[in-house]
Structures are given as C-alpha cells and as structure tokens.
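Here is how the chains run, residue by residue.
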Amino acid sequence: MVPSRLAAIAVFGWATLVAAASVDAFASAHAPRAACFANRASLRGPPVHLRHQTSQRRRRRSLTSLHIYRKFHDYAWDKLISDNTDADIDTVPEELKTNASPVKGAPAGTDVVAEMRSVSQFPCLQMDGGVNENNCVLRLARSAFLETQTRTNDALITPMTIHVLNLVLFPTPHIRNPTAQNDGNGGYLGLPIYGADIVSLPGNKHLVALDFQPVLPLNGNGKDAPLLPPQYAHLEQKLEAIHSKFQKSDTDEAPLLPWGGDIPPQAERFFSPYALWTRLGDDDAIDTVQEVVWAAFQEYTDLYLELMGAVQKDINEGTLEVQTETGEINPVSSGQLEYLEYRRTNDPARPMLQRLYGEEWSERVIGDVLFPDMILRRCKDKAFHSHSLALTHEINQPLNCLHFGAAPPPLPLKIHRGHASRPFGNAPQLCQGRTACICKDLCADCLLGTLCCLQSSIGTAHNFGCTITMRLTFAALLATAAVAPSAASSSAPLASHRAFLPRTKAAGDATALAAALAARGGASSPADEALDIPPGGAAAESQPLSQAAGLDVTGADAPLIADIEMLSDMLASVVKKENPTVYELYTQFRKRGMMRAADPNDVESFEAMKLMAHDISPRDTMGVMKTFSIALNLVGAAEVHHRMRLVRENEKEVEATGLEHVGPLPNVEDSIRGTMEILLEEGVDPDKMFDRLLTQKCEIVLTAHPTEVNRKTIIRKYRKISELLAYLERPDIHPFERAEALNQLRGIIAAIWGSDEIRRVKPTVQKEAAGGNAVIESVLWDAVPSYLRKLDAQCRVTLGKKLPVDAAPIKFASWIGGDRDGNPNCTPEVTLEVVTHQRLRAAKLFLNELNILYSELAISSRFSKKLEELAASITDSDDVREKYRRVIGHLRKRLVRTIKDCEAKLRVINDSVHFTSSEHAFGALSGWEDVEPIVKAEELLAPLRVIYDSLVETGFELVADGHVSDIIRRVAVFGLTLVPLDIREESTRHTLALDAITRHLGIGSYKEWDEAARLNWLQSELSSKRPLFRISDIDKNTMGLDPDIRKTLMVYKTASELDSESLGAYVISQANTASDVLAVVLLQKQFGMTAQNGKLMRVVPLFETLDDLTNSPEQLNALFSVTSYIGSINGKQEVMVGYSDSAKDAGRLAACWAQYTAQEAMAKVADKYGIELTFFHGKGGTVGRGGNPALYRAILSHPPNTINGRFRVTEQGEMIRQNFGSLEIAQRSLDIYTAALLRESFVKRVEPKKEWRDEMQRVSDVSCAAYRHTVREDPRFVPYFRQATPELELGRLNIGSRPAKRNPKGGVESLRAIPWTFAWAQTRMHLSAWLGVGAGLNSGDDEDKRILREMYEEWPWFREIISLISMLVSKTDFSITKNYDDLLVDSKLVSLGDEVRAKLVETRQAVIDVSGAQDISGPHVQLMRASSTIRNPYVDSINVVQAEILKVLRSMPEDDSPDLTPDLKEIKRIRTDALMLTIKGISSGMKNSG
C-alpha cells in the first residue's frame, strides 16, 4: 500500500467542498481510495506494446456511431441471466426519450433523442442456477444504459452526445459465517458491491470507474486490512493482479489506463484499493475504451461473478448461512443502505446531464432510469424494511439533529439566542397516508432539521418511510432542496431528494461545506451573535451578513473548482515535503475555516482557531501564513483564467443560436458587440453610432498608488500560472505537452514557495514606473492592437463600416514618476529619468516591430505615387527595388538614433539604470549617426500611413491589415513616449512658491493676499511679457529659496525641457480656488510653456473634499471669467473629481451626492461659457474609494450630460493587475470601457425628480453628520482606529514609494485615503465604505421611506450606490472584528467597537429596507462569486493569526530599547515578517486593499 495523500486532499482539494461538481462528483462516487494511488503520475502515455497500434489508427471516431456501452451492458446481463429467468425489464418512459430540453448552446430547433435500456433483476439470483430465496447470494442486479443524441433537422450534432453505463451488483447482506460471530461484525460477510460506471461526454472525454466497493470500513483493522474474507484471499490476489495489469503504480512503465486524479476524501468509505479509475480525452480515447476498458470490464465482471459463485458454493455446502427472517440491522445491511443513499445523492451523471439537458429531464432520468426508487421499493430484504421503519423514531425532538440507523449520536442544533423558544413546526404529519410532511415555521437564520417524507419519483410512496434530513444550514437547504427563501411562511415540502445526506461524517461535512460554498460569502457570525439584540429585532429577523449567491459548482464554475484543486494539491506536496509541521497546522486552520464556512454560528471552530493562533510558534506562524498567502494567490490565478473561460463559453452558446451579427467580440451587454446590438434594437442610427465611436475618448491613467502588495517577480509567476491553465485546456495538446505544462506548474509553485514574498525595501519611484511600463510592454502592447482589430471587425459586421486604421478610442497615461503630492521622493530629476526611460522603451519596442515588418515587406513592385516619392526622398539605402523596405529601413535608423540619444541622457542622470546599446535583429544598423531622432509620433505615423495606403491601393489590402495596421495602432495609442506623464502637486506648494517670488520682488506676501488680490495679480502677470525672474537664478539659487520651494520650481524647468508629447495634465490636488489654477498657468509661462508654442500643459483642478466639491461650480465660474485663461485653453477644460478623499472627509453617501451635484453644476457652468468639459475620475479599487467592480453600470450611472464621450479615470495598484494582468483580461477591460462610453452617449438618462433631490440632500446631511460625529468628534475614535487595525504597521509593508501620511505628525485627517481604507479592509470592518449610511437611510417618516424605495427602483445612480454599499456590508465579519477588539483595544475603548458594530447592523437593515431585498449582498454578488465563497475559509484563519501577532508585537520592547535582547529581536523580526504575510494574504483574499 502506498502512503496516503488523504490529508493533502482534505486540506487542499476543493473537490471536498463540491461533491456534486461535474467530474469531481464522478470521482467522488466511483474513484479509488486515494491512499492506493498517492504517488501516481497524473498523466502517462500509452504503453510501449500499444504504441504501434495507436500510431496506425491515429484518427478520431464519431462517438455517435459506436453505441460503445451497449456491448458492456449486454455482456454483463447475458452472464447474469444465462441460468436465471426471473428478470424485470424496465420500460423507459417515452417522454424521456424525446422530450429533453435542447442542449445548452445548441442551435434553435434542436431535439434530444435518448436511447435507453434499463434492466433490473429481482428478487434474488443464485449463482448455481437455482432460485431459492433462502440461499440467495446476489440480492440485486441492476444495469442501465443511456445514450442521448442531439439532432437539428434530423442532422446529428456529434459534439453534443452523451453515453452512460450504470451497473451495480448487490450481494445479500445477511450471509454469515457462524463460526466467526465475535469478529466485530457478528460474523456477517462484508462482501463488496460491484460497481461499473462509464460516462462519455461531449468532446471525446470518457470517465471510467470499475470497483469491488466495500460496505464495511477497510481501515478498521489497520491500513492493510483485506477487502475479501480470508477464505477468498486467492480471489483478492487475482483482483490485485488485474488492477496492476491495467493501472500500475509501482513501476515507471506507463499504465494501460492512466490514473484519473485525486478524489475527495469523503469518498474513501466506498472504494477499495483495486478500484480502476481513469479519465480519457486524447484522440485515441474511443479506441482505448473499445479495447482496453472493454478488456478490463470483462475481467472485473468475470472475477466478481467468480467470487459470487464461490460464496454460493460455501452456502450450499453449509460453511456459510443466510439469515433471512431476523429483521436485524447488521453492519452489512447498514453499509449497503448507506451506499444506496450516497449514490442516489451524489450520482455522477447528474451535473453532466443537467449541464447539457436541464435539471427537470436529468432528474427524471436519474430517478426513473439510472437509479430509481424501485431499488428500495422492490427490495425484499427484511433488514432494509426494519431499517427504514427505524427512521420514524424520536421525531418529536425538534431541536435535536436526528440521525437514522446506526448513525452517530444526535447533535444539538446551533440556533440564535433569540430563537431558543421558537416552535419548530406544527406537529408534522408522519407520513400518514403516505403523504409528504409539512415544513413550517422554520427559522431563516438557524441551522435546521427539517422533517419531510420521501416520495417515489414515479409517484408511488415506497417502503422507505419517513426520512429526516440531516444537519443543514438554511442556506444549504436553499441550495440543495429548493426550500422557499422565507421559510417562516413556507408550507411546501422539500422538492428534491438531494436534500438527503450520506450518514458518514466525512460526506456530511463535505455536503455542508458544499452548501456553504453555495451560500456563504463574506461574513460569519450574524449581528445578534455578538450583540444582545432582543428576539424579533431587526438583526434577528434578517439574514446573516453573508454572500448569498454561490458558485455554480455543477456547471459553469466546475472547471474553476477543478483548477483550484489541482493547484492546491501541487502546493500541498511542496509544503508537506518542506515542513510537515507547517502543513499540519495549515490543515487544522483551514479545516476550522471550512467548518465555520459551513456554519457561520460555529463558535467552537472559531474559538479553536483563536487558541491555535495563540499557541503557534513564531517560525511556524511564518510558514502557515505563507502557505495561506500562496493558496489565495493561486485561487486568484485560477479566477483570472476562469473569467475568460466563462466569456468563451458564453460566446459558444450565443454563436450556436445563429445570430445575424456574430463578430469577434463577446455578445454580452458590456461588450461593444452587445452594446451595438442593443442600440440598434433601440433604433439608434448606425452612422451616428459609428461617428460617436470615432470621436469618443477614454483615457486610462495608471497610478502608483500603493495598493499592490505583491512583488513584480511573484506577479509574473502567477500570471504564468493563469496562462498555463489556459494552455492545458487546448483540445489539441499532446500528452507530452500536457505533462510538460503540469511539471512547469509544479515548478512555478515550488519557486513561489521558495521565494521571499516580502518587500524588504520600499520601491523607488523609478521602480514603480518600471512596473507600470512592464504592464504596457508585457500585456497592453499586444492587447491594444488585438482589441482594435476585433473592434474593426465588429464594426464591419454590425455597422458595415471599417474603423480607420489610426482610430484610438482608448488611450493610456501615467502618474508614476510625476505624482509628487506628498511624495518627497518624486523629484524633478526622477521625472526626467522616468520620461526618458519611457521614450527609450517606446523606441526599442517600435524598432523591434519595424524589424519584423522589414522582413515581411519584401515587395518589389506596385507602389503608390506617394510611396514612390517617399522612397525617393531617402538617399542612403541599399534597398533599391524593395521600396517598402527602403522606407522602413530609414525609420529603423531614426529609431536607433532615438535610442542612442535617450541612453546618453540617462548616463548623465545620477543613479540611473544604464541600458546597453540596441541593435536590430540582423546586426548593427549603420548610418544612424547621420539621421535625426524621432521625437513626435507623427514622424513615425505619417510614413506608416503612406505604406498602408500604398498597400491598399495596389491590391495588398490583406497585407496592409496585418502587421502594418498593428504598428499604426500602437503609435496612435502609445505614441513615442509609451504613456504621457501627468504631474500632480498640492496647491499649497504653488502658493508657497509664488509667495517666495512676491517677497523676492518686494510686492508683499502672496500667501496672505485674499482671493480677489491673488486673481488681480495673476491676471496682470499673465498679460505681461516680463518674466518674474531669470531662470538661471533658480539653477544657481541666487534667490536664496527654501529647498522645497526650489524643488517645486525646478519641476517646471524640467517639464519645459521635455517634448510636449511626453507630458499630459498638470493636476492640482486640494484645489479650492480659481487662483490655484491660474498660479500653475503663470508658473508654466515663467518657464516658457505657453499655448502659443504648444508646450502649455492642461491644468486640472482636483476637487476632493466635501467643501471643495460644493464650491467647485463657483470656482469654475470665476476661472472662466478670466479672459486670458479662456484664450489659452482652446475651449477645453478638464476637472478631476476626487472620490477617496471626499469619502474619507464626509462618508460614502454624502461624498457620492456631492460628486453628483458638483458634476452637474460644473457641466452647466462649462456650457454657459461654451467650454468642452472633461471629467477626470480619481477612483480607487475599493468601493470606499469610489471603485465599482461593475464598470459598465458605473459609467452608465454617472450624472447626465457629464461624460459626453469623454472619460478619464485612474487605475491603480492591484486593479491594474486585475484589469490588465493578461492579454485576454486586458482586451475584455478595453472592450468594457469602449462599450460603456458608446452606450452612455445614447442611453436615455433618468433625471432625478425634485423630491428625490430633496430626499438625497436629507440623506447626505444626516449621514455626513453621523460619520463625522464618529470619526472627527468622538475623542475615542483615533486611538481606537490605531489600536483595532494594523494602520500603524502598514508602513512596514513597503508597497509604495511615498509616505502613508501627507503630514507625518497629523491624525486621521492627514492620513491618505488608501491606508485609511486598507486598514479597515484588513479587519473585515470596511468602515470607510458604510459608516453613516444607516443613519442617512433610516427615517421615521413613512414618506421618506416611500421616496427612498422609489429612488432605488427608478434611479440607476442611486440603485448603483446602494448596491455597492450592500456588497461591502456583506463582506464584513462581526466575530473577526470583535476578536481584534478583544485582543488589541484598551478596555476604555471597547465600547466604541460595540457601537460601530451596532451601526453596521443599522446599515444592513437600512439597505435591506430600501432595496426590498432578502439578501444583503445585492446584485454585485455575481461579481464576487468565487471571491467570497472560496476565499473566506482561508482569510478567516489569517485574520485570527494577524490579531494575535499584532498583540504580541505591540507588547514587545521597541527596537531601540535595551530590553530587546538578541533572542527577542529575532522573534520580533520573524513575527514582523509573519505580520507582513498576513496583510498580503488578507489583501489577496479580499481582492482589494485600498
């Protein structure tokens, strides 16, 4: 026996959570014991002696023509009834053969034809040919064969065909050895059940399981306990030999049938060491089934019948006896019944059939054909009868968890304190007249024990009697038994037999956890677990704070679960080998997390986690937290791949419907294709749609805001994992290539485990900029032209128009290297270096593209006139006849000159990273010294356009639409600077600079002037031709300026020396007056940056506090009143709206309303002056900072007339990786942005009514007051915040180049919005997103409630705000946050934590009242499906450990204290590292940080 991997599977195998999920369900029901195949390779090629056969028949046969399992069925049945005639041939209902729903994704008009054969043998079968009920050895033989074919107009759709064979043979459970009555089983022989299950799926995939399945645990007498009784040991040896023949595990030779992969540990109970379990899916799979599987099936079947014959012989000779009249429930009969229940509940065909043919048809096939109730109904075994009758006992104990048969003792149900005296039900009827029991008055929040009767699926109640469902959460009942959500008013019986659970603890746990996956997301303990809320209160009557909608574990999300299971298993092997102790601790933590996921009220599991966190050693803490962190990132990598998998699957379904406009982009609403279809249906003119697409502009600004907690080297590894997962799904992948890819995955995971995930030093601004460039070079450089090609094709298909080759509806910019707001590390020298690096990288990228183009365009005839003229203008070239090459070669030389110039500049910048000289693919390009560098994008774009036009004119349009078009699109989007750099500076810096200048000039203090005086002086100086001072005075600092002021002015000097295309906007943070804008314009003028010479950077005021937003229309009006300013901006103005700081200042609702009304008012001011206004939205990744995971809806919900086809927005930190981390994801994000802007231009906007505005103002005022009362006015808040969260420790994370505070000595008001949000996300409180919301939405006035409800139903903007808040509230966790308080907060401050959680209860109820929803999570739940349901069992453990680490670290001596001994110093270092890993892990688990 090979050492067991069950522990690894239990910990890392996600199949344990989804026992019914697709292939995993098949494995769960039929795969071998994992212990027997621990070290087996996941894939091996065909054995040597079969390779010549496979090479000769390398072809793919049609599955539909083979009827491959009919001969399996016939073979077994011929053997069984050769001497026995008492067989029942079941009739398959005709409607099941023809009335299946069309296959998911099949074309219209599709029918399903099912050919079925279902046969059962009763009442008994003697292996010697006789029929004697008293001497039966085989009590039940059951075989069912099913083949479905999908046809459209009588044409067979081959890929949509499924085959199922189900064969089970049951020995009588009452065969006993009278001389062995003291063996622990009463002498009863635990003869195994024979099971043969084979399924073929669309896509030539086959799942095979053959086994002698035990009914008694094999590990009762040790791991090597025999499967068969001692007298049949020779047959067990035969079985071992057969198994070894087909599926070896102890040699290097590839097996005939490769091991099918790990299985859920709860399935161990029913599988022997000789189970044959394989998955087949290559080109030769059908041949393997027909030959190898067929041979194995015959040998397994023959040997089992040989075993039954030997037992029959011993019965006839009197060595064994059959006890038939005792009515005793012996271990064997109990085990067989348990097996029946398990198979019925976890039938492997269910998810496969449902996914293809729908639930109703599939349930009938399973219930009436594959595994019908007749197995129980017709069975004449007295023990079965007595066992079923035993189920009706003790049902009058409503608060006990009732089990049946020989199940474990009853366990008390966990219920809310307010419900202890609540009646369970109205005396349920106990199957009187064989009718279903009534389920009433069920507590919606508690764990339930529901009494119901099981009725036969064919309409006749069987002898199984009343059955009691096991220990389930309400959510689990919803997921598995279709109970009405409001159980308190439900009177319907359970609608599905799937509510029944296997009696084994492992399977029960797995089912509960699967239910948790389907039901739980963000939170654990509901409010009344932590707060003394009276019965009937708001919290008691509402659902827990949880994520209600779960993964589609049997359908679309099953591949995600499989990917996570595979990756987790690979991690398991690495961790266990490296550190068994860490592995075991991780196992225990995660087990408790899973139990808590299944039951949010499971106090015992949470307490156990806390105790473990207290006792774990520092080094083990490091290892366990690292394992959790990696596991969560692996989940993220799998999700990245799954996002695009779902898009592709949806596309396959849509294309199968035969829509008129297909195109390359997905046909979903938030894609340009779906949006165009919607607009066409709404009557929008295609020409207007196309014109808008050409004029709209979306600019995505990459920022270095410190929210990405992972190192770039680690990010690249996880990106590679996502790519390999996609590669493994290719249908044409060779077995060797698959094995290589799997090994590569294992290697990457091992490398991650061996890497230091902690940043030991803060990144420099230059490194942050290099990271931003890396996203462009590795992803966007290819994603942009690829998306624009698809956009062009979609326009041709849907609108009948070709997109201009240089159209650029999406552009990029950057703050990285120019954002100096509060960052002393972003100096003018750094800005110069970053811009030069970006120009260097762009030149190198374009040089590489031109090298490729040069090799492609060896055309020597047919050129346009313009191309001839352009080529003639180039005198120094060896390309005479190949004139495209002549032009391209010249451009290459100019790019080399550009590269050389950039490298020369970088060499003179101190501490710059030096770059080696660049050469093209064919050697050094000579003559580059004699040409001019390319500075402007148009210098490269113009000759490329000539090349493109020439190719089109001369009949080479296909060539033109290839690489030439891609390069042109890259130039149009990225230019020669890669991304233009914005500069951001705080307004007070400009005020201080001008104050120093006015003082130097002797005209007073600019800082002390009022606004009117400032405006007068600024206008006067803008009109003057006289400079304020000599530029050389700044260089030499002859003016004696303060270093910070000189640095501010040197920024302008640096900017003036750069090409205008290198720079974007100049953003003024904390702008609150018109003079703040004019000050920047004047400083630019001083350094020669004017509108006349084209160097004037557009000046963008950033309004970010509540007061700034409120006053912004007035300030904009004052600004536009300045004639000289209006004349310099060419009729265009950009304004940035700050989302994060306004929310930190006033709370979420007040900030949102201020942003809405400010944008409306500013748009009206701009219209008044005829100014084209563009809003720049400074949003973060989290809701608390203005983020919205539903980007498409977010754009559509902006105030009317504020976008108008112009949209600028920041993307930062971890959101850059989430939205642009891979080629496919990046293209999808670009598609969403483009589609949203197009739709917004034509959508009919909802103008808020006056009463809505009045109500929103009331809500804003109340919520702002409540928020500020807690955050600003309560003296307890600041110390509570710093004690209850890791805010003070976040600075050690080294995730950004700038300090966490603008003013290091300030309080919360000086704290940046990112660490403010980050800290609350770490403790799962998310306070920054919801504080004040409950107070604002609550009102004792019925009219207010009516209006709020109306606003939610009719006003998209308001509905989106409430939905986002709902989503964040659903991710909070009461017991987690309270644990932080208990461990870290001073006793005098604990009361504030209780008050805050009470406000959260208020907010939750207010959101439910306004939305009318039963579930707090809101419509955004589908965006978080895997995020909460899969991650929280990990994150719960990390939170508990983090709180304990913070407690210990804060109690240790300071670094400079003499009490910090060397040993303590080392412990502190280790715990600090572990803390950093917990912060990273929680950030990854919550999928956002700031």
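Residue positions are counted from 1 within each chain, in the order its sequence is given. A pLDDT threshold of at least 70 governs which residues receive local features in this predicted model, and a stricter bar of 80 or more applies before side-chain atom pairs are shown or counted, although totals over entire chains, interfaces and linings include all residues. Derived side-chain values reflect all non-hydrogen atoms in the structure, with water molecules and hydrogen atoms excluded from consideration.

**With respect to the overall build of the protein**
A run of H or I in DSSP becomes a helix once it reaches four residues, and a run of E becomes a strand once it reaches two; helices and strands are each numbered from the N terminus. For the protein, the count of helices and strands is 54 helices and 24 strands. Looking at the protein alone, contacts between residues at least 24 apart form 80% of all its contacts between residues at least 6 apart. Throughout, a contact is declared for two residues whenever any of their heavy atoms are within 4.5 Å.

**What about the packing of aromatic side chains?**
Working definition: rings of Phe, Tyr and Trp (its six-membered ring) pair if their centres are within 6.5 Å, and the pair is stacked with planes under 30 degrees apart, edge-to-face with planes over 60 apart, and tilted otherwise. Taken as a whole, this structure holds 38 aromatic pairs when the rule is applied. On the basis of an interplanar angle of 85 degrees and a centroid distance of 6.2 Å, the ring pair of Phe 212 and Tyr 300 is categorised as edge-to-face. Of this pair, Phe 212 sits in strand β8 (residues 205-213) while Tyr 300 sits in helix α7 (residues 285-317), placing them 88 residues apart in sequence. According to the relative accessible area criterion, Phe 212 is buried, its value standing at 1%. Following the ring pairs from residue to residue traces out a cluster consisting of Trp 1153, Tyr 1156, Trp 1252, Trp 1355, Trp 1357 and Phe 1358. The lysine or arginine in question, Arg 176, covers the ring of Tyr 188, its NZ or CZ lying 5.5 Å from the ring centre. Each residue's exposure class comes from its accessible area (1.4 Å probe, protein chains only) as a fraction of the maximum for that residue type: buried when under 20%, exposed when over 50%, partly exposed otherwise. Should the NZ of a Lys or the CZ of an Arg lie within 6 Å of a ring centre and within 35 degrees of the ring normal, that charge is described as sitting over the ring.

**Some points on the pattern of salt bridges**
Any carboxyl oxygen of Asp or Glu within 4 Å of a side-chain nitrogen of Lys or Arg constitutes a salt bridge here. Applying the stated rule across the entire model yields 73 salt bridges. One salt bridge in this structure joins Arg 1239 and Glu 669, with 3.1 Å as the shortest N-O distance. Of the two residues, Arg 1239 sits in helix α42 (residues 1223-1242) while Glu 669 sits in the loop between α20 (618-656) and α21 (672-681), which places them 570 residues apart along the sequence. Arg 1239 gets classed as buried once you look at its relative accessible area, which sits at 10%. Residue classification places Glu 669 among the partly exposed residues on the basis of a relative accessible area of 43%. A salt bridge links Asp 1145 to Arg 1268, with the shortest nitrogen-to-oxygen separation between them at 3.2 Å. Here the residue Asp 1145 occupies a position in helix α38 (residues 1140-1146), and Arg 1268 occupies one in helix α43 (residues 1250-1273), the gap between them amounting to 123 residues. Comparing Asp 1145 with Arg 1268, the two get one shared label, buried. Among the charged side chains, a salt-bridge network with shared partners connects Arg 789, Asp 792, Arg 796, Asp 961, Asp 966 and Arg 969.

**Looking at the packing of helix α50 (residues 1374-1384) against helix α51 (residues 1390-1411)**
Two quantities define a packed helix pair, namely the angle between the helix axes and the distance between the axes. In contact at an axis separation of 10 Å, α50 and α51 are set at 165 degrees when each is read in the N-to-C sense. Regarding the angle of α50 to α51, the classification is roughly antiparallel. Seen along the crossing, α50 lies across α51 with a hand that is right-handed. Of α51, the residues touching α50 (which contributes Phe 1374, Thr 1377, Lys 1378 and Asp 1381) are Val 1390, Gly 1393, Arg 1397, Leu 1400 and Val 1401. Along the lines of polarity and charge, the residues of the contact of α50 with α51 split into 4 nonpolar, 2 polar and 3 charged. Angles run from 0 to 180 degrees between N-to-C directions of axes, and those axes are lines fitted to C-alpha atoms, restricted for helices to the stretch in contact. An angle below 35 degrees is treated as roughly parallel, one above 145 as roughly antiparallel, one from 65 to 115 as roughly perpendicular, and anything else as oblique. Left-handed describes a crossing whose near helix is turned anticlockwise from the far helix by less than a right angle; the clockwise case is right-handed. When residues are grouped by polarity, Ala, Val, Leu, Ile, Met, Phe, Trp, Tyr, Cys and Pro land in nonpolar, Asp, Glu, Lys and Arg in charged, and all others, Gly among them, in polar.

**Re the packing of helix α48 (residues 1342-1354) against helix α49 (residues 1356-1370)**
Where α48 meets α49, the closest approach of the two axes is 6 Å, and the angle between their N-to-C directions is 100 degrees. The pairing of α48 with α49 is recorded here as roughly perpendicular in orientation. Here Leu 1348, Met 1351, Tyr 1352, Glu 1353 and Glu 1354 of α48 come into contact with α49, specifically with Pro 1356, Phe 1358, Arg 1359, Ile 1362 and Ser 1363. Of the residues that constitute the contact of α48 with α49, the class distribution is 6 nonpolar, 1 polar and 3 charged.

**Examining the side chain of Ser 1075**
The topology assignment puts Ser 1075 in helix α35 (residues 1074-1086). Within polar-contact distance, the side chain of Ser 1075 engages the side chain of Glu 1011 at 2.7 Å. Polar contact criterion, stated in full: a pair of N or O atoms within 3.5 Å, where within protein one must be able to donate a hydrogen and the other to accept it, and residues adjacent in sequence count only if both atoms are side-chain atoms. Side-chain polar atoms of Ser 1075 contact the side chain of Thr 1073, separated by 2.8 Å. Contacts of Ser 1075, omitting those with residues within four sequence positions, involve Tyr 1006, Glu 1011, Arg 1014, Leu 1015 and Leu 1018.

**Let's talk about the environment of Asn 1016**
Position of Asn 1016 among the secondary structure elements: in helix α32 (residues 1011-1023). For the pair formed by Asn 1016 and Val 1122, sequence separation is 106 residues and the distance between their alpha carbons is 9.8 Å.

**Some thoughts on unusual backbone geometry**
Positioned with a positive phi, Leu 978 is a non-glycine residue whose angle comes to about 70 degrees. On the secondary structure map, Leu 978 appears in the loop between α30 (957-974) and β19 (981-986). Phi at Gln 1070 takes a positive value of approximately 55 degrees, unusual for a residue other than glycine. Within the secondary structure, Gln 1070 sits in the loop between β20 (1063-1069) and α35.

**Quick word on the nonpolar core**
By size, the foremost hydrophobic cluster in this structure holds 109 residues, and its most contacted members are Ile 721, Leu 745, Leu 1327, Trp 1330, Leu 1337, Trp 1357 and Phe 1358. For this core, the element with the highest residue contribution is α20, accounting for 10 residues. Residues in contact with Ile 721, not counting those within four places in the same chain, are Leu 567, Leu 634, Ala 637, Leu 745, Ile 748, Ile 749 and Ile 752. Side-chain atoms within 4.5 Å are what join buried Ala, Val, Leu, Ile, Met, Phe, Trp, Tyr and Cys residues into a set we call a nonpolar core. Counting 91 residues, the second-largest nonpolar core is a separate cluster that includes Leu 847, Tyr 884, Phe 974 and Leu 976.

**Section: the pairing of strand β24 (residues 1206-1212)**
When you tally the buried positions in β24, you get 7 out of 7 residues, the bulk of the element. Only strands that DSSP links by at least two bridges are regarded as paired with each other. Of the strand pairs in this sheet, strand β17 (residues 697-703) and β24 are connected by 7 bridges, and their pairing is parallel. When the sheet's bridge partners are listed, Leu 702 is paired in β24 with Glu 1211. Relative to β24, strand β23 (residues 1172-1178) is paired through 2 bridges, and the arrangement is parallel. Residue Phe 1176 lies in a different strand from β24, and its bridge partner there is Arg 1208.

**Things to note about the pairing of strand β21 (residues 1098-1103)**
Across the 6 residues that make up β21, a large majority, 5, are buried. Sheet topology places β20 next to β21; 4 bridges connect them, and they run parallel. Looking at the pairing, Ile 1068 lines up with Pro 1101 of β21. Viewed along the sheet, the connection from β20 through α35 into β21 turns out right-handed. Taken together, the 2 bridges between β21 and strand β22 (residues 1132-1138) define a ladder with parallel strand orientation. Looking at the pairing, Leu 1102 lines up with Met 1136 of β22. Note on handedness: a crossover is taken as right-handed if, strands pointing away from the viewer, the path from the first strand over the helix to the second is clockwise.

**Quick word on α32**
For α32, which comprises 13 residues, the first-to-last C-alpha distance of 18 Å matches the rise-based estimate of 18 Å (1.5 Å per residue) to within 8%. On the buried face of α32, the contacting elements are α31 (987-1001), α35 and α37 (1123-1128). The span one expects for a helix is its residue count, reduced by one, times 1.5 Å.

**Quick look at the confidence of the model for the protein**
The predictor reports its confidence for every residue as pLDDT, a score running from 0 up to 100. Per-residue confidence for the protein gives a mean pLDDT of 75; residues scoring 70 or more make up 69%. Below a pLDDT of 50 lies the segment residues 912-924, which in the model reaches 30 contacts outside its immediate sequence neighbourhood of four places, other chains included. Low pLDDT (under 50) marks residues 1181-1188, which in the prediction has 40 contacts with non-local residues, meaning those over four places away or in another chain.

**Things to note about the environment of Ile 1347**
Looking at the element boundaries, Ile 1347 is found in helix α48. Between the C-alpha atoms of Ile 1347 and Glu 1251, which are 96 residues apart in sequence, the distance is 7.6 Å. Filtering out sequence-adjacent residues up to four positions away, Ile 1347 remains in contact with Glu 1251, Trp 1252 and Glu 1255.

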